[in-house]
Amino acid sequence: MKKIIIVALLLYVAVHFFGFNVRDTASYVARTAVNVIESIIPFTGDDFEDIDSQINAAIIKSGSATAINNALSDAMSSAKILFEKGIVSTKHFLSSNFGMSFNDSPHTYYAPQTASQKNSSYSFDFQNMNVSELSSLRQSLIDYSMNLRGIRYNYGSENPSNGLDCSGFIRYASKNSINVSLPRTAQQMCDCMPRISPSEREPGDLVFFKSGGKVDHVGIYLGRYQGSGSLHGREIFINAASQGPRTGVVVSALDEPYWRRHYSSSGRFLPSSMEIAQATVSAE
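A short tour of the structure in this document, coming up. (Residues numbered from 1 in each chain as written. Predicted model: local features only at pLDDT ≥ 70, side-chain atom pairs only at ≥ 80, totals over all residues. Heavy atoms only, no water.)

Section: the nonpolar core
In terms of nonpolar packing, the biggest core is built from 42 residues, with Phe169, Leu206, Val251 and Phe269 touching the most fellow members. Those residues within four positions of Val251 in sequence are excluded, and the remaining contacts are Ile51, Asp52, Ile55, Ile60, Met146, Arg149, Leu222, Ile236, Phe237 and Ile238. Counting 8 residues, the second largest nonpolar core, distinct from the first, contains Val207, Phe209, Phe237 and Trp259. (Core = buried A, V, L, I, M, F, W, Y, C linked by side-chain atoms within 4.5 Å. Buried < 20%, exposed > 50% of the residue type's maximum accessible area, 1.4 Å probe, protein only. Contact = heavy atoms within 4.5 Å.)

Focus on the sheet that holds strand 5 (residues 214-224)
Pairing is antiparallel in the open sheet, where 6 strands are placed in the order 3-8-4-5-6-7. Strand pairing shows two members of the sheet lacking a second neighbour, strand 3 (195-196) and strand 7 (248-253), which therefore form its edges. Summarising the sheet, strand 4 (residues 206-211) and strand 5 pair through 6 bridges and their orientation is antiparallel. Its bridge partner lying in strand 5, Ser211 is registered against Lys214. (Pairing = 2+ DSSP bridges. Helix = DSSP H or I, 4+ residues; strand = E, 2+ residues; numbered from the N terminus.)

A look at the pattern of salt bridges
Enumeration over the complete set of coordinates arrives at 14 salt bridges. Put simply, Glu202 and Arg268 hold a salt bridge, and the shortest N to O gap is 3.7 Å. Of the two residues, Glu202 is situated in the loop between strand 3 and strand 4 and Arg268 in the loop between strand 8 (263-267) and helix 10 (273-283); the sequence distance between them amounts to 66 residues. As far as burial versus exposure is concerned, Glu202 and Arg268 are alike and both buried. Put simply, Asp205 and Arg268 hold a salt bridge, and the shortest N to O gap is 2.9 Å. Taken together, the residues span a long stretch of sequence, with Asp205 in the loop between strand 3 and strand 4 and Arg268 in the loop between strand 8 and helix 10 at a distance of 63 residues. (Salt bridge = Lys/Arg side-chain N within 4 Å of Asp/Glu carboxyl O.)

Here's the deal with empty space enclosed by the protein
This model, assessed by the stated rule, comprises 3 cavities of 30 Å³ or more. The calculated volume of the largest cavity comes to roughly 90 Å³. Ranked by the residues each element gives to the lining of the largest cavity, the list is headed by strand 7, at 3 residues. Of the residues contributing to the lining of the largest cavity, the split by class is 7 nonpolar, 3 polar and 5 charged. When its volume is computed, the second largest cavity comes out at roughly 50 Å³. Along its surface, the second largest cavity is lined by Ile68, Leu72, Ser135, Arg138, Glu202, Pro271, Ser272, Ser273 and Ile276. Broken down by secondary-structure element, the contributors of at least two residues to the lining of the second largest cavity are helix 3 (57-76), helix 6 (131-146) and helix 10. Its residues assigned to classes, the lining of the second largest cavity comprises 4 nonpolar, 3 polar and 2 charged. (1 Å grid on protein atoms, 1.4 Å probe; cavity = no way out; pocket = protein on both sides within 12 Å on 5 of 7 lines; lining within 4 Å. Points joined across faces, edges and corners; volume = space filled by probe spheres on them. Nonpolar A, V, L, I, M, F, W, Y, C, P; charged D, E, K, R; others polar.)

A few points about the side chain of Glu256
With respect to the element layout, Glu256 can be found in the loop between strand 7 and helix 9 (257-262). Here Glu256 sits buried without a salt bridge, and the closest side chain of opposite charge, Arg234, lies 5.6 Å off (N-O distance). Of note is the side chain of Glu256, whose polar atom sits 2.7 Å from the backbone nitrogen of Glu49. Apart from residues lying up to four places away in sequence, Glu256 is in contact with Asp47, Phe48, Glu49, Ile51 and Arg234. (Lys, Arg positive; Asp, Glu negative; His and termini not counted. Polar contact = N/O pair within 3.5 Å; in protein donor to acceptor, adjacent residues only side chain to side chain.)

As C-alpha cells, this is what we get:
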C-alpha cells in the first residue's frame with residue numbers, strides 16, 4: 001500500500017509541478033512496445049495484403065478523377081457557394097443596369113501562412129493559376145505518382161534511379177508533376193500543412209502514419225477503389241513501402257491491419273474542392 005501511495009504522490013508532483021503528461025507517456029510506451037515487437041517480428045501474414053497486384057491503374061486514375069469532379073460538383077451546389085454566386089450575380093446586375101462599380105480583386109489561392117512559416121522548404125506559388133489549372137493539380141499528382149509504381153524502396157533516396165523512400169517518393173512526385181516543393185521527411189511534411197479529418201479527405205491529400213511517437217511514413221490518398229471484387233469501395237493510397245508482401249512504390253489499403261494500427265492523421269497542401277469552387281465563382 002505504501003508503494004502505491006508513494007507512486008501516486010510522485011505522479012501528482014510530476015503532473016502539477018513539472019507538466020508531466022501521463023496520457024502521452026503511456027501512449028508513447030505502448031507504441032514503443034509495439035515497435036519493439038514489430039522489429040523482432042516485422043509483420044505477420046495478417047498485417048498486410050497484396051493490394052497492388054489486384055488493382056487496375058486505369059480504374060484508379062479514372063476513379064480519382066470522378067471523385068475530384070464529384071467533390072467540386074458538391075462544393076458548387078453547397079449553400080455557401082450558392083450564396084456567393086448570388087452576391088456575384090447581384091453585383092453584375094447592379095453594374096450592368098445602374099452603372100455601379102465594385103472594387104473586387106481577382107481571386108487568388110494562397111497557401112496557409114502557418115504552413116510556409118513552419119518550414120521554409122515548403123514552397124509553391126498558386127497565385128497566378130487560373131481555375132482550370134487549380135482544378136488539374138490533384139489529378140496531375142495522382143497520374144504521375146501512379147506511373148512510379150514498381151520503383152524499389154531505398155531508405156534516404158529521392159531519386160527513382162536509385163529507389164525511393166516514402167517521403168522521397170512524395171517529394172519527387174509533387175516536384176516533378178506539379179512543381180510543389182515539399183520538405184524532405186514525413187514528420188516535416190506533417191508539421192507544415194493543415195490537418196484534415198478523414199471525412200474531408202480528397203484524392204491527392206496526404207495520409208501520415210506514426211511509430212514510437214513520431215510520424216515516419218506518408219502516402220498519397222487515392223480515394224475509394226471503384227473496381228469490382230473484394231477491393232471495391234475500400235480506401236486506398238500509394239506509398240513507398242519498406243515492408244509487406246511487396247515493397248517499393250505500391251498501392252495499399254488504409255484498412256489493412258498494419259496501416260490502420262499506425263494511422264496518425266491526414267494533411268492537405270493543395271486547394272480543396274471548396275476553394276476551387278470559390279475561385280470559380282470569383283472568376284465569373
